[in-house]
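What follows is each chain in one-letter form.
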Amino acid sequence: MLYLISYDVADDRRRNQVAKILLGYGSRVQWSVFECELDEQHLVRLQERVLAELSLALDSLRIYRLCGACRRNALIFGAGPPLGPPDVVIV
């Protein structure tokens, strides 16, 4: 399943750590937005790892599940990678 994951992290160290974790699961499509092709097990692990880095009083994480129809109907303008599963995912 494709997930769109965005974050807003106040602290530079935490923000860099969250980005590093997410890079291991998917592709950065904007500075704080990632597209990740994940099964349920990897989704749970990603959430555990990212939430361990966040200050929930200051930071936020949003995870949107994109169904097949949503994926096919996505509009992308300008530079950026196309929607689709990555060639290689390192977890």
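Keep in mind it's a predicted model, so treat the numbers as computed, not measured.

Asks: Just checking my understanding: could you explain the overall build of the protein chain for this structure?
Replies: From N to C terminus, the protein chain includes three helices and four strands. Going residue by residue from the N terminus, the α and β elements of the protein chain occur as β-α-β-β-α-β-α. Burial analysis of the protein chain (91 residues in total) assigns 26% to the buried set. Taking all contacts inside the protein chain whose residues are at least 6 apart in sequence as the whole, residues at least 24 apart take part in 68%.

Asks: Help me understand the sheet that holds strand β3 (residues 33–37) in this model?
Replies: The strands making up a sheet are joined through hydrogen bonds of the backbone, oriented either antiparallel or parallel. Taken in spatial order, the four strands line up as β2-β3-β1-β4 in an open sheet, and their pairing is antiparallel. Where the open sheet ends on each side, the last strands, each with one partner, are β2 (27–30) and β4 (60–66). Strand-to-strand twist of the sheet, defined as the mean angle between neighbouring strand axes without regard to direction, takes the value 25 degrees. As paired elements, strand β1 (residues 2–8) and β4 share seven bridges and run antiparallel to each other.

Asks: What is the right way to look at the packing of helix α1 (residues 12–23) against helix α2 (residues 40–53) in this model?
Replies: Helix packing geometry: the angle between the two helix axes and the distance between the axes. It is at 9 Å that the axes of α1 and α2 come closest, and there the two elements cross at 170 degrees. Put simply, α1 runs roughly antiparallel to α2. For the pair α1 and α2, contact is made by R13, R14, Q17, V18, I21 and L22 and by L46, R49, V50 and E53, respectively. Residues belonging to the contact of α1 with α2 are distributed by class as follows: five nonpolar, one polar and four charged.

Asks: Could you clarify how one ought to interpret the pairing of β2 in this entry?
Replies: In regular strands, side chains alternate between the two faces of the sheet. Two strands pair when backbone bridges link them, and β2 and β3 are joined in this way by three bridges, in the antiparallel orientation. The residue bridging Q30 from the neighbouring strand is V33, located in β3. A loop of two residues connects β2 with β3, the two strands running antiparallel in sequence.

Asks: It is not clear to me how α1 should be interpreted in this structure. Could you clarify?
Replies: Spacing of three or four residues puts side chains on the same side of an α-helix, whose turn is 3.6 residues. Between its terminal C-alpha atoms α1 stretches 16 Å, which fits the 16 Å expected from 12 residues at 1.5 Å a residue. Restricting attention to buried positions, one finds in α1 the residues R14, V18, A19, I21 and L22. End-on, the buried residues of α1 take up no more than an arc of 160 degrees, which puts them together on one face. Facing away from the buried side of α1 by more than 90 degrees, the exposed set consists of R13, N16 and K20. If you follow the buried residues of α1, they end up packed against β1, β2, β3 and α2. Structurally, the start of α1 carries an N-cap: the backbone nitrogen of R13 is 3.1 Å from a side-chain oxygen of D11.

What counts, and at which threshold
Residues numbered from 1 in each chain as written. Predicted model: local features only at pLDDT ≥ 70, side-chain atom pairs only at ≥ 80, totals over all residues. Heavy atoms only, no water. Helix = DSSP H or I, 4+ residues; strand = E, 2+ residues; numbered from the N terminus. Buried < 20%, exposed > 50% of the residue type's maximum accessible area, 1.4 Å probe, protein only. Contact = heavy atoms within 4.5 Å. Pairing = 2+ DSSP bridges. Axes fitted to C-alpha atoms, helices over the stretch in contact; angles between N-to-C directions. Parallel < 35°, antiparallel > 145°, perpendicular 65-115°, else oblique. Nonpolar A, V, L, I, M, F, W, Y, C, P; charged D, E, K, R; others polar. Expected span 1.5 Å × (residues − 1). Arc of directions from axis to C-beta. Polar contact = N/O pair within 3.5 Å; in protein donor to acceptor, adjacent residues only side chain to side chain.

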